[in-house]
Amino acid sequence: MASNDLYAIADFCLIPIGTAEPSVAEYIAECARVLEKSGLKYKARTIGYGTNLEGSWTEVSQAIHDCHAAVHAKGAPRVATDIRIGTRVDRQIVPGTGNEGKVQRVQDILAKDVKP
């Protein structure tokens, strides 16, 4: 990661449009292949829709771009993507641990709740 590049945690939902079949699983699998090749840390959510992706802003943006290109190449005439990207500069984030760290902090807080 370039020293001036921001570390980013992205949440994105890629939506193939105009496909011949109602299922878009093949297109999403193609995007997952792209993400795997990128070497970035990612996790597809099993509840709801979307994927968490983290790395440098430049790499994350490129990976989402490459997913679009791959899904178009697979035959989707249109692709829409909702993206949320978070960055922070108030503390150092070890690459690949940003999203897990956020989730762990919330779980630690909830673990302190008194159960009836």
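Scroll up to find the structure.
I will try to describe carefully the structure that is included in this document. Computed from a predicted model, the values in this text were never measured in an experiment. (Residues numbered from 1 in each chain as written. Predicted model: local features only at pLDDT ≥ 70, side-chain atom pairs only at ≥ 80, totals over all residues. Heavy atoms only, no water.)

## A word on the side chain of Asp 5
With respect to the secondary-structure elements, Asp 5 resides in the segment before strand 1 (7–17). No salt bridge is formed by the buried Asp 5; its nearest oppositely charged neighbour, Arg 88, is found at 16 Å. At a separation of 3.3 Å, a polar atom in the side chain of Asp 5 contacts the side chain of Ser 56. In this structure the side chain of Asp 5 is engaged in a polar contact, spanning 2.7 Å, whose partner is the side chain of Thr 58. (Helix = DSSP H or I, 4+ residues; strand = E, 2+ residues; numbered from the N terminus. Buried < 20%, exposed > 50% of the residue type's maximum accessible area, 1.4 Å probe, protein only. Lys, Arg positive; Asp, Glu negative; His and termini not counted. Salt bridge = Lys/Arg side-chain N within 4 Å of Asp/Glu carboxyl O. Polar contact = N/O pair within 3.5 Å; in protein donor to acceptor, adjacent residues only side chain to side chain.)

## Looking at the pairing of strand 1
For strand 1, the tally of buried residues reaches 9 of 11 residues, placing the bulk of the element in the interior. As judged from the 6 bridges shared by strand 1 and strand 3 (residues 51–56), these two strands associate in the antiparallel manner. Paired with Ala 10 across the strands is Leu 53, a residue of strand 3. Across 10 bridges, strand 1 lies against strand 4 (residues 78–87) in antiparallel orientation. Considered in strand 4, the bridge of Asp 11 is made with Arg 84. (Pairing = 2+ DSSP bridges.)

## Observations regarding the environment of Thr 97
Its place among the elements puts Thr 97 in the loop between strand 4 and helix 3 (98–111). Overall, the relative accessible area of 33% leaves Thr 97 in the partly exposed class.

## Focus: the side chain of Ser 56
Its place among the elements puts Ser 56 in strand 3. Judged by relative accessible area, Ser 56 falls into the buried class, the value being 3%. Here the side chain of Ser 56 touches Glu 59 through a polar contact of 3.0 Å, landing on its backbone nitrogen.

## Let's talk about a nonpolar patch on the surface
The grouping of Leu 6, Trp 57, Ile 83, Ile 85 and Val 89 at the surface amounts to a nonpolar patch, some 470 Å² of accessible area in total. Mapped onto the elements of the fold, Leu 6 is located in the segment before strand 1. (Patch = residues over 30% accessible without salt bridge, like charges linked within 9 Å, V, L, I, M, F, W, Y side chains within 5 Å. Areas by Shrake-Rupley, 256 points an atom, 1.4 Å probe, with all protein chains shown as cover.)

## A look at the pattern of salt bridges
Inspection of every chain in the model, using the stated rule, returns 4 salt bridges. Between Asp 11 and Arg 45 there is a salt bridge, with the nearest N and O atoms lying 2.4 Å from each other. A residue pair is termed long-range when its members are at least 10 positions apart, and Asp 11 in strand 1 and Arg 45 in the loop between strand 2 (41–44) and strand 3 qualify at 34 residues. Notably, a salt bridge pairs Arg 84 with Asp 11, separated by 2.3 Å at the nearest N-O pair. Of the two residues, Arg 84 is situated in strand 4 and Asp 11 in strand 1; the sequence distance between them amounts to 73 residues. By relative accessible area, which is 13% here, Asp 11 ends up buried. One salt-bridge network, in which partners are shared between bridges, spans Asp 11, Arg 45 and Arg 84.

## Quick word on the state of the cysteines
This structure, assessed with the given rule, holds 1 disulfide. Put simply, Cys 31 and Cys 67 are joined by a disulfide, and their sulfur atoms are 2.2 Å apart. Disulfide Cys 31-Cys 67: torsion about the S-S bond near 80°, hence right-handed. A residue pair is termed long-range when its members are at least 10 positions apart, and Cys 31 in helix 1 (residues 25–38) and Cys 67 in helix 2 (residues 57–73) qualify at 36 residues. (Disulfide = S-S within 2.5 Å.)

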